Amino acid sequence: KQWYQRRVRASSSKLTNHTLPMEVIPLANPDVLILSNLSINPMYSPDTTLMEVCNVVTAGVKSGGNVLIPCHSTGVLLDLIEWLISHLNKNNLADVPIIIVSPVADAALAHPDIYGEWLNDTKQAKLYVPELPFAHSQLIKNKRIHHFSNVADGMGEVYKTPCIVFAGHPSLRCGDAVLLLNKWRDDPHNVVILIEPEYSFAATLAPFLPMAMRTCFYPIDPSINYAQASKLVHDIRPKTLVTSPTYFRPPPSHPNRTDLLLNREQFAENNVRELGVGETINLPQPSSSIRVNLSVDLIQGINMQPLKTADGYQLVSQISGSLSARNNKPALCAANPSTPAATQAIYGEVDLQELITALTNQGLNPNKVESLGAGSDHHLITLSDSGSTITLSPGVTSITALTGSMRQTLQAAVSSLLVTL
């Protein structure tokens, strides 16, 4: 019997230029697959676009102009730098400075070297020899690549024409890229290359037009494309597929490209649910109970107690421990000795006649019993001598008393009918 539900959200990349390939086996046979963030520009191949960017950069540098690439400080930046370094070396342009301007440039360039477990086999092999996995690390040491938090942070000391500058923000609405673009816009030898796919080429450059500076749009989108998404769904076989309705239509600029969409006929065996912007859909909920593996130490400390129910007596016990989950397999182990002890819990249902008997045994006089509303599940017991009342409802017992001692007496009578775990 299935006692849990597996829901998977796929929004990743199939590129393996420096990372390990995406693992799909752990995602197999989910109850729900949420497929989102597919390639915004599926007509552009990332590898082809990287090469085209390198060609434009090389041509711009050879003409004596500066190259500005507004981009994020993470993402495809490392891939582009490695391709660019190799391309410049082949064209005898090794003396052209590469400058990265970002408030987090230092951290962004340093972090990849310490995430060795996520690198592909080729780059992981470099971790076991005196060699850095990424080329940019050595180039920074050799002063081939320079990075600054902003243009006023010493960039003028290494700046010379021609040069290549990566700066933010790619929207060209803020950041150092705006300052550099305004400074270089009147020189036709300079070039600005937009590579981030989420920003419209025309809208991004609109405030700066007209300008003599050359402009290019080469979106480098490493997200899953439609062919890869179709194969992913086929491989992991979800019971329900949730995705955007726009993925079933070709891009407006290429209405006849049937390869740039998801083919609904390929998902005939899946329950396809479309989720548009601002919409809400209901998905099947998992079971309200799950099966948890208990450790031997925890089982040995269980103290079972009888609990009276409508079907007779059942053995119950409160369990307190450390809960963990790995590969959708929850396990409960004995708690660390330093962990505070669990609060005692009271379980059971209070029977009306048994409560009246318990109150009488305490020397009290429950002289009035009323049924509240339709049915007989709610009762009001009045003790006129003490001015106290007890309200009985399924799962809830309320006590009203004039003194604290009387409240404790009534509470003891009720507790005597329950099990403390």
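Going by the structure above, here's the rest.
Quick summary incoming for the structure in this document. (Residues numbered from 1 in each chain as written. Predicted model: local features only at pLDDT ≥ 70, side-chain atom pairs only at ≥ 80, totals over all residues. Heavy atoms only, no water.)

### A closer look at the overall build of the protein
Going by this rule: The numbering of helices and of strands both runs from the N terminus, where a helix is a DSSP run of H or I of at least 4 residues and a strand a run of E of at least 2. Under the scheme applied here, a residue whose accessible area is under 20% of the maximum for its type counts as buried, over 50% as exposed, and between as partly exposed, the area being computed with a 1.4 Å probe on protein chains only. Areas reported as accessible are Shrake-Rupley estimates using a 1.4 Å probe. Residue values count occlusion only from the protein chains shown.
Along its length, the protein carries 12 helices and 21 strands. The buried share of the protein, reckoned over its 421 residues, is 38%. Counting only carbon and sulfur atoms, one obtains 52% of the accessible surface of the protein, whose full area is about 23,700 Å².

### Description of the sheet that holds strand E17 (residues 368–371)
Think of a sheet as strands paired side by side through backbone hydrogen bonds, with each pair either parallel or antiparallel. The line we're drawing: Here, a strand pair is defined by DSSP locating no fewer than two bridges between the strands. To obtain each axis, a line is fitted to C-alpha atoms, and for helices this fit is confined to the stretch in contact; angles are then taken between N-to-C directions over 0 to 180 degrees. Residue contacts follow a heavy-atom distance rule, with two residues in contact if any of their heavy atoms lie within 4.5 Å.
Across the sheet, four strands lie side by side as E17-E18-E19-E20; this open sheet has antiparallel pairing. Lying at the two open borders of the sheet, with one neighbouring strand each, are E17 and strand E20 (396–400). For this sheet the average axis-to-axis angle between neighbouring strands, irrespective of direction, equals 15°. One ladder, built from five bridges, connects strand E19 (residues 388–393) with E20; its direction is antiparallel. Within E20, the residue paired with Ile390 across the bridge is Ile399. Along the sheet, helix H12 (residues 404–415) makes contact with strand E18 (379–383), E19 and E20, crossing E20 at roughly 155°.

### Observations regarding the sheet that holds strand E7 (residues 191–194)
Across the sheet, six strands lie side by side as E5-E4-E6-E3-E7-E8; this open sheet has parallel pairing. One side of each edge strand has no neighbouring strand; the edge strands of this open sheet are strand E5 (145–148) and strand E8 (214–217). Within this sheet the neighbouring strands show an average axis-to-axis angle of 20°, counted without direction. Here four bridges tie strand E4 (residues 98–101) to E5, and the two strands are oriented parallel to one another. The residue bridging Ile100 from the neighbouring strand is His147, located in E5.

### Brief notes about the packing of aromatic side chains
Definition in use: Working definition: rings of Phe, Tyr and Trp (its six-membered ring) pair if their centres are within 6.5 Å, and the pair is stacked with planes under 30 degrees apart, edge-to-face with planes over 60 apart, and tilted otherwise.
Taken as a whole, this structure holds four aromatic pairs when the rule is applied. Ring geometry for Tyr44 against Phe217: centres 6.5 Å apart, planes inclined by 75°, an arrangement best described as edge-to-face. Taken together, the residues Tyr44 in the loop between strand E2 (32–35) and helix H1 (46–62) and Phe217 in strand E8 connect sequence positions 173 residues apart. By relative accessible area, Tyr44 is classed as partly exposed at 28%. With a centroid separation of 6.0 Å and 75° between ring planes, the pair formed by Tyr226 and Tyr247 is classed as edge-to-face. Here Tyr247 lies in the loop between strand E9 (240–243) and strand E10 (271–274) and Tyr226 lies in helix H9 (residues 226–236), a separation of 21 residues in the sequence. Using a relative accessible area of 7% as the deciding quantity, one classes Tyr226 as buried. An aromatic cluster of at least three residues, connected via ring pairs, comprises Tyr44, Phe201 and Phe217.

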